[in-house]
Amino acid sequence: MRIDRIKLISEMAIQEIKVGELSEKAGVSRVTISAMRSGKSCTKNSAIHVARALGVDVEELLEQPRKEQEQ
């Protein structure tokens, strides 16, 4: 599962929450949050915990599949 890094970073900025705070609130490691912010994939469970900690639906944070460009 891949969280959209821009959406996550934006939501964290809006809520003025830092990596350590989100990590503690979500019950996941700082490394996991940092990996998500870097665009790396994560487990579904981690994504759900982070979304809940931010008070948003997990679907709001997910990366949307890229549409193939028509030629």
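In this text, all values refer to a predicted model and were calculated from it rather than measured experimentally. (Residues numbered from 1 in each chain as written. Predicted model: local features only at pLDDT ≥ 70, side-chain atom pairs only at ≥ 80, totals over all residues. Heavy atoms only, no water.)

> Mind laying out unusual backbone geometry, listing which residues take part and the relevant values?
Despite not being glycine, glutamate 16 has its phi angle at roughly 50°, a positive value. On the secondary structure map, glutamate 16 appears in the loop between helix H1 (5-15) and helix H2 (19-26). (Helix = DSSP H or I, 4+ residues; strand = E, 2+ residues; numbered from the N terminus.)

> Account for the pattern of salt bridges, naming residues and giving values.
Inspection of every chain in the model, using the stated rule, returns 1 salt bridge. In this structure, the salt-bridge partner of glutamate 63 is arginine 2, at a minimum N-O distance of 3.9 Å. Of this pair, glutamate 63 sits in the segment after helix H5 (58-61) while arginine 2 sits in the segment before H1, placing them 61 residues apart in sequence. Judged by its relative accessible area of 39%, glutamate 63 falls in the partly exposed class. (Salt bridge = Lys/Arg side-chain N within 4 Å of Asp/Glu carboxyl O. Buried < 20%, exposed > 50% of the residue type's maximum accessible area, 1.4 Å probe, protein only.)

> Explain the UniProt feature "domain: HTH cro/C1-type" (unreviewed entry) in the protein chain to me, using residue names and the numbers behind them.
According to UniProt, the "domain: HTH cro/C1-type" (unreviewed entry) feature falls on residues 21-61. Along residues 21-61, the helical share is 71% and the strand share 0%, with 18 Å between the first and last C-alpha atoms. (UniProt positions renumbered as here; feature names shortened; annotations may be inferred.)

> Describe the packing of H1 against helix H3 (residues 30-37), listing the residues and the values that go with them.
The interhelical angle for the contact between H1 and H3, taken along N-to-C directions, is 120°, at an axis separation of 8 Å. Here H3 runs oblique to H1, going by the angle between their axes. Facing Arg5, Leu8, Ile9 and Met12 of H1, the residues of H3 in contact are Ile33, Met36 and Arg37. When its residues are assigned to classes, the contact of H1 with H3 shows 5 nonpolar, no polar and 2 charged. (Axes fitted to C-alpha atoms, helices over the stretch in contact; angles between N-to-C directions. Parallel < 35°, antiparallel > 145°, perpendicular 65-115°, else oblique. Contact = heavy atoms within 4.5 Å. Nonpolar A, V, L, I, M, F, W, Y, C, P; charged D, E, K, R; others polar.)

> Residues and numbers for H3, please.
Residues of H3 that are buried include every one of Ile33, Ala35 and Met36, and no others. Buried residues of H3, seen end-on, are gathered within an arc of 160° and therefore sit on one face of the element. In H3, the exposed positions angled more than 90 degrees off the buried face are occupied by Arg30 and Val31. Residues of H3 that are buried sit in contact with H1, H2 and helix H4 (44-54). Glycine 39 occupies a position one or two residues after H3 and carries a positive phi of about 90°. (Arc of directions from axis to C-beta.)

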